[in-house]
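Architecture and fold: a report
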Amino acid sequence: MPIKIDNKLPAKQILENENIFVMPEDRAVTQDIRPLKIVILNLMPTKVETETQLLRLLSNSPIQVEVDLLQMATHVSKNTSAEYLLNFYKTFDEIKDNKYDGMVVTGAPVEQLEFEDVDYWPELCKIFDWSKTNVYSTFFICWGAQAALYHFYGLKKYKLDKKMFGIFPHRSLDALHPILRGFDDVFYVPHSRHTEIRREDIALVKDLQIISYSDIAGVHLVSDMACRNFFATGHSEYDRYTLAREYERDIRNNKPIDIPYNYYPDDDPTQTPVMRWRGAANLLFTNWLNYFVYQQTPYDLSQL
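Residues numbered from 1 in each chain as written. Predicted model: local features only at pLDDT ≥ 70, side-chain atom pairs only at ≥ 80, totals over all residues. Heavy atoms only, no water.

1. Topic: the nonpolar core
One broad trend across soluble globular proteins is that nonpolar side chains are buried collectively. In plain terms, the rule: Side-chain atoms within 4.5 Å link the members of a nonpolar core, which is a set of buried Ala, Val, Leu, Ile, Met, Phe, Trp, Tyr and Cys residues. Partly exposed residues are those whose accessible area sits between 20% and 50% of the maximum for their type, while under 20% is buried and over 50% is exposed, using a 1.4 Å probe and protein chains only. Each helix is a run of DSSP H or I of at least 4 residues and each strand a run of E of at least 2, with the numbering of both proceeding from the N terminus. Residue contacts are counted whenever heavy atoms from the two residues lie within 4.5 Å of one another.
Ranked by internal contacts, the top residues of the largest apolar core, which has 38 residues, are Leu43, Tyr120, Leu124 and Trp143. Mapped onto this core, the elements with two or more residues apiece are strand 3 (36-41), helix 5 (92-95), strand 5 (100-105), helix 6 (121-134), strand 6 (135-141), helix 7 (143-153), strand 9 (208-214) and strand 10 (218-224). Ranked by residues supplied to this core, first place goes to helix 6 with six residues. Contacts of Trp143, omitting those with residues within four sequence positions, involve Leu43, Gly107, Ala108, Val110, Glu111, Phe115, Val118, Tyr120, Trp121, Leu124 and Lys157.

Right, here's the structure in full:
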């Protein structure tokens, strides 16, 4: 997929080095097609790393995509400069009158807080409500998924005895669902979280369907019955070394952390992590864009 982003965005050079087709704006405007308009609400402190991971996955299809990056106006980032955010990110007030084919909401390192104690919670709820009328399909990731399920359906999150951390096997609970079309019988997804949502709680909500599950990591992918919203508890977007960086960070900070499950060969952190989830990650985002965004959204976004 040719993906249209700001020429100065750091992700552009990284993706081009990986032979991913990144389209400059001057070329994009000469194409007589309507690109998919996607907004990424990036709640992660590692903005450049996260935006690069997501752009990599959104680029894996023939459809042209135009991306806006969104930040929270009510939160001061400690890890990303104000200049970077000003140059590449928009606030909700700047995009609230726009219509989008799709939106991705990332995770955030705030899962051990109560939702209402997160400093930007009121603004996030406003964006969630806005998405119901201004976005055709939304893909929520990890804490973003927990937050949306809590906001829309009142589903609680539960603290785990220890961090769910590693690469876990999953299986489909609906073999015919288009979001998992082309998936193997067993596929792998990275998880990195201290909390969970529970299968028995979701089963009580008639508007929700659990699509995939892990006997170790629990619920993975959930959708509403209209397939307008998808909620993923894992991080398919992670690159090879994301968990390694998290593991080394926690070791440096003397935090209790196990070696990531099913990640290093022989559980040896000096070895190169095995990439087991790339194929499933690309399929997941390609299927979402194709079946639930491109083929469903109206050509004229004003009719959304």
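2. A word on the pattern of salt bridges
Inclusion rule: Should a side-chain nitrogen of Lys or Arg be within 4 Å of a carboxyl oxygen of Asp or Glu, the pair is scored as a salt bridge.
Counting across every chain of the model gives eleven salt bridges. In this structure, Glu49 engages Arg245 in a salt bridge whose closest nitrogen and oxygen atoms are separated by 2.9 Å. Of this pair, Glu49 sits in helix 3 (residues 47-58) while Arg245 is found in helix 9 (residues 242-252), placing the two residues 196 residues apart along the sequence. The partly exposed category is assigned to Glu49, whose relative accessible area is 25%. A residue is classified by how much of its surface remains accessible, and Arg245, at 34% relative accessible area, is partly exposed.

3. Section: unusual backbone geometry
One non-glycine residue, Asn254, adopts positive backbone phi at about 55 degrees. Residue classification places Asn254 among the exposed positions, given a relative accessible area of 70%. Phi angles above zero are rare outside glycine, and Asp267 is one such case at about 55 degrees. Here Asp267 is to be found in the loop between helix 9 and helix 10 (278-294).

4. A short note on the side chain of Ser212
Here is the rule: Think of a polar contact as two N or O atoms within 3.5 Å of one another; within protein, one of them needs to be a possible hydrogen donor and the other a possible acceptor, and neighboring residues in sequence only count if both atoms come from side chains.
Here Ser212 lies in strand 9. Given the relative accessible area of 0%, Ser212 is considered buried. Of note is the side chain of Ser212, whose polar atom sits 2.6 Å from the side chain of His220. A distance of 3.3 Å separates a polar atom in the side chain of Ser212 from the backbone nitrogen of Leu221. Not counting the four nearest positions on each side in its chain, Ser212 is found in contact with Arg171, Ser172, Leu173, Leu180, Phe187, Val219, His220 and Leu221.

5. What about helix 9?
Three or more residues of helix 9 are buried, namely Thr242, Leu243, Ala244, Glu246, Tyr247 and Asp250. For helix 9, the secondary structure elements touched by its buried residues are helix 3, strand 7 (158-172) and strand 8 (187-196). Asn254 occupies a position one or two residues after helix 9 and carries a positive phi of about 55 degrees.

6. So, the packing of helix 3 against helix 10
Filter applied, for reference: Think of each axis as a best-fit line through the C-alpha atoms, taken over the contacting stretch in the case of a helix, with angles from 0 to 180 degrees between the N-to-C directions. If an angle is under 35 degrees, it is roughly parallel; if it is over 145, roughly antiparallel; if it lies from 65 to 115, roughly perpendicular; otherwise it is oblique. The residue classification treats Ala, Val, Leu, Ile, Met, Phe, Trp, Tyr, Cys and Pro as nonpolar and Asp, Glu, Lys and Arg as charged. All others, Gly included, are polar.
At a closest axis distance of 8 Å, the pairing of helix 3 and helix 10 adopts a crossing angle of 65 degrees. Considered as vectors, helix 3 and helix 10 are oriented roughly perpendicular to each other. In contact with Leu54, Leu57 and Leu58 of helix 3, helix 10 contributes Ala281, Asn282, Phe285, Trp288 and Leu289. Its residues assigned to classes, the contact of helix 3 with helix 10 shows seven nonpolar, one polar and no charged.

7. Let's talk about the pairing of strand 7
Walk down a regular strand and you will see the side chains alternate between the two sheet faces. Note the following rule: Should DSSP find at least two bridges between two strands, the strands are taken to pair.
Of the strand pairs in this sheet, strand 7 and strand 8 are connected by nine bridges, and their pairing is antiparallel. Each residue of the ladder has a partner; that of Gly166, found in strand 8, is His191. Where strand 7 and strand 9 come together, two bridges link them in antiparallel fashion. For Arg171, the partnering residue across the bridge sits in strand 9 and is Tyr213.

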